[in-house]
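# A look at the structure
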Amino acid sequence: MAKKILVTGGTGFIGSHTTVELQLAGYEVVIIDNLSNSNREVLDGIEKITGIRPVFVEGDCTDINTLHKLFTENPGIDGIINFAASKAVGESVQKPIMYYRNNLNILLNLLELMPVYGVKGFVFSSSCTVYGEPDQNPITESAPTKKATSPYGATKQICEDIIADFIKSGAPIKAILLRYFNPIGAHPSAEIGELPNGVPQNLVPYLTQTAIGIRPMLNVFGNDYNTPDGFCIRDFINVVDLAKAHVKALERMLEDKSDEALEVFNIGTGNGLSVMQLITAFEKATGVKVPYKIVGRREGDIEQIWADPKRANEVLGWKAEETIEDTMLSAWKWQQRLRERGIM
Ligand code: UD1
């Protein structure tokens, strides 16, 4: 029988791509999402790609009764992937209580109910933000975590600790923490992708919106960093590659491929690319020029960080495969599709 997975935040950017990869790998998916940062049409996109419409529960994971009802009506859930969370760094500085309340309560509710409903495996969306500014790159999972620079980052650290403590207490679950680097791009079919609310805060959606004319200019934050070209460096990871890492993580827990109850993996390409190199890659891949101007540094930005993904490559059996050009092309195709659909 197909294993059943609960994907919280499953209509969001990474959640929707992961749902697709889970379905393609033969898993049955139940999504819960409160649609606070996504919409129902995402379900159509998923169905167009895989031919299967996931079960969808519109609801909020901060409400434990909603979750009780979900687990009762959808018995036999084997694993949970927890994407449901607030994720805008800047907003978290303005609304810290909302961020702590949302991100911590969702996690606490899910963990508490796992033993009650016999759910075995838990994948947590963590972030390279837990490392702060690295002492050296590429960074491995054993590098120390540093004080978070935003409430958003703090919630990721606290959630990691809560999961570790729960497992230490002997809870009958397994968990894998995936520390994502910078997820970008869209499904190559352009049926699903990233749909930011309002003015995008992240680089790639801002870039594609500028390229298509929604924004007059991309502001590049800082060119005086201590890096080869002076721009910040990130490890940009294709969202479909990232989605596949979740399938591997679940497989590992549900098929008892490891004796460890808690494991951590960096999910990145292992290549650091500067903001300017990314803009150039976009222009090369699409033939479209991006108007930009260099402005001052953005507060709180890390200078440079990229992953050592060796553990994920060797232990998880996962590796980033897409080229940066194909990834930029997918982001561009998605932006054009939004225009065709009259959304943006
Ligand atoms: C941030 C978070 C990360 C989170 C991710 C997705 C931190 C330190 N990082 O990553 O945890 O998972 O968002 O929400 O909290 N840039 C521009 N112009 C723009 C936008 C961005 O030049 O209009 C630059 C930034 O200065 C940065 C790079 O592009 O150097 C990437 O920025 P962004 O896409 O916002 O991601 P991060 O800040 O790396």
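Fair warning: this is a prediction, and the values are worked out from it, not measured in the lab.

## Remarks on the packing of helix α5 (residues 96–116) against helix α6 (residues 151–168)
In contact at an axis separation of 10 Å, α5 and α6 are set at 20° when each is read in the N-to-C sense. Between α5 and α6, the angle is such that the two are roughly parallel. Judged by the sense of rotation from one axis to the other, the crossing of α5 with α6 is right-handed. Here P96, Y99, Y100, N103, L104, L107, L108, L111 and P115 of α5 come into contact with α6, specifically with P151, Y152, A154, T155, I158, C159, I162, I163 and F166. Tallied by class, residues from the contact of α5 with α6 come to 16 nonpolar, two polar and no charged.

## A short note on the sheet that holds strand β1 (residues 4–8)
Taken together, seven strands build an open sheet; the order of strands is β3-β2-β1-β4-β5-β6-β11 and the sheet is parallel. Edge positions in the open sheet fall to β3 (55–58) and β11 (262–267), since each of these has one partner strand only. Adjacent strand axes in the sheet meet at a mean angle of 20°, parallel and antiparallel pairs treated alike. Sheet topology note: the β1/strand β2 (residues 28–33) ladder contains five bridges and is parallel. When the bridges of β2 are listed, L6 appears paired with V30. Across the sheet, α6 touches β5 (121–127), β6 (174–180) and β11, and the angle it forms with β5 is around 150°. Across the sheet, helix α8 (residues 239–254) is in contact with β1, β4 (77–82), β5, β6 and β11; its angle to β6 comes to roughly 160°.

## Some thoughts on helix α1 (residues 13–24)
Here α1 spans 17 Å end to end across 12 residues, near enough to the 16 Å set by a 1.5 Å rise per residue. Within α1, 11 of the 12 residues are buried, which leaves the element mostly enclosed by the surrounding structure. Along α1, the positions that sit buried rather than exposed are F13, I14, G15, S16, H17, T18, T19, V20, E21, L22 and Q23. Positive phi appears at G26, one or two residues downstream of α1, with a value of about 95°.

## Some thoughts on the nonpolar core
Core analysis: the biggest nonpolar cluster contains 36 residues, and I5, L22, L178, L250 and I267 have the highest contact counts within it. Among the secondary structure elements, those contributing two or more residues to this core are β1, α1, β2, α2 (41–50), β6, α8, β11 and α10 (310–316). Broken down by element, the residue count for this core peaks at nine residues, all from α8. Viewed by domain, this core spans two of them, domain 1 (4–185 + 237–267) and domain 2 (203–234 + 270–340), each represented by three or more residues. Membership of the second largest hydrophobic core comes to 27 residues, among which are V30, I80, L104 and A171.

## Quick notes on the domain arrangement of the protein chain
Taken domain by domain, the protein chain consists of domain 1 (4–185 + 237–267) and domain 2 (203–234 + 270–340). With 28 residues of domain 1 at the interface, the matching set in domain 2 holds 28 residues. Counting the surface lost from both domain 1 and domain 2, the interface buries some 2,300 Å², and carbon and sulfur atoms represent 63% of this. Among the residues domain 1 hides against domain 2, the three largest losses belong to N137, I184 and D241. Together they make up 21% of the total.

Thresholds applied
Residues numbered from 1 in each chain as written. Predicted model: local features only at pLDDT ≥ 70, side-chain atom pairs only at ≥ 80, totals over all residues. Heavy atoms only, no water. Axes fitted to C-alpha atoms, helices over the stretch in contact; angles between N-to-C directions. Helix = DSSP H or I, 4+ residues; strand = E, 2+ residues; numbered from the N terminus. Parallel < 35°, antiparallel > 145°, perpendicular 65-115°, else oblique. Left-handed = near helix turned anticlockwise from the far one by under 90°. Contact = heavy atoms within 4.5 Å. Nonpolar A, V, L, I, M, F, W, Y, C, P; charged D, E, K, R; others polar. Pairing = 2+ DSSP bridges. Expected span 1.5 Å × (residues − 1). Buried < 20%, exposed > 50% of the residue type's maximum accessible area, 1.4 Å probe, protein only. Core = buried A, V, L, I, M, F, W, Y, C linked by side-chain atoms within 4.5 Å. Domains from an automatic or database assignment. Buried area = accessible area lost by both parts, 1.4 Å probe.

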